[in-house]
Amino acid sequence: MLPVGTKAPDFTLPDKTGTPVRLSDLKGKKVVLYFYPRDNTPGCTRQACAFAAQTPALSEENAVVVGVSKDSAASHLKFAEKHQLPFLLLSDPDLQAIQAYDVWKEKKLYGKVSMGVVRTTYVIDEEGVIVWAKEKVKPDENAAEILAFLRGEG
């Protein structure tokens, strides 16, 4: 995981419609950059829906939400439409941002070892510096935890 105080690595990835989005184009806003394993899995769906519910409150804090996974743009489009997700979902099948943000790690599930995305969230300030970072976040608590941080409550 990248430490707080680090300049956030820039990247350009396609959104759910295939339109390229560059992280540095969001400068001037706080960016809640969250990495998740897969669209339409129980934990990832709960996390995305929690961020969707908090989007208006996060907007009041000058923050935008950006979700990143290895899934395709087409998968993101279906996921976003199914759950009415009002924020950016970026596709990173080549692991460009996933590796730059050090969230591609060895995982163990039922004794089997494989590589995958560790659920991790970063908050990047208006100048492009990481001001909050946490890995292995809890899907149901992550959005509220970020909002509390942005409001100076946590």
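Structure: above.
Residues numbered from 1 in each chain as written. Predicted model: local features only at pLDDT ≥ 70, side-chain atom pairs only at ≥ 80, totals over all residues. Heavy atoms only, no water.

**Comments concerning the sheet that holds strand S9 (residues 130–135)**
No. 1: Spatially, five strands are ordered S5-S4-S3-S8-S9 in an open sheet, and the strand pairing comes out mixed. Two strands lie at the open edges of the sheet, namely strand S5 (88–91) and S9, each paired on one side alone. Pairs of neighbouring strands in the sheet enclose a mean axial angle of 20°, with direction left out of account.
No. 2: Sheet analysis places strand S8 (residues 120–124) next to S9, joined by five bridges and oriented antiparallel. Paired with Thr-120 across the strands is Glu-135, a residue of S9. (Pairing = 2+ DSSP bridges. Helix = DSSP H or I, 4+ residues; strand = E, 2+ residues; numbered from the N terminus. Axes fitted to C-alpha atoms, helices over the stretch in contact; angles between N-to-C directions.)

**Here we look at helix H4 (residues 142–150)**
Since one α-helical turn is 3.6 residues long, residues separated by three or four positions face the same way.
No. 1: Taken as a whole, H4 has its buried residues at Asn-142, Ala-143, Ile-146, Leu-147, Ala-148 and Leu-150.
No. 2: Contacts made by the buried residues of H4 are with strand S3 (30–35), helix H1 (42–60), strand S4 (63–69), S8 and S9.
No. 3: Trailing H4 by a residue or two, Gly-152 shows a phi angle of about 75°, which is positive. (Buried < 20%, exposed > 50% of the residue type's maximum accessible area, 1.4 Å probe, protein only. Contact = heavy atoms within 4.5 Å.)

**So, the pairing of strand S7 (residues 112–117)**
No. 1: Of the strand pairs in this sheet, strand S6 (residues 104–109) and S7 are connected by six bridges, and their pairing is antiparallel. Following the sheet pairing, Lys-105 is matched in S7 by Gly-116.
No. 2: Remark: two residues form the turn of the hairpin made by S6 and S7, two consecutive strands paired antiparallel; Tyr-110 in that turn has positive phi of roughly 55°.

Any link to function would need more than the numbers given here.
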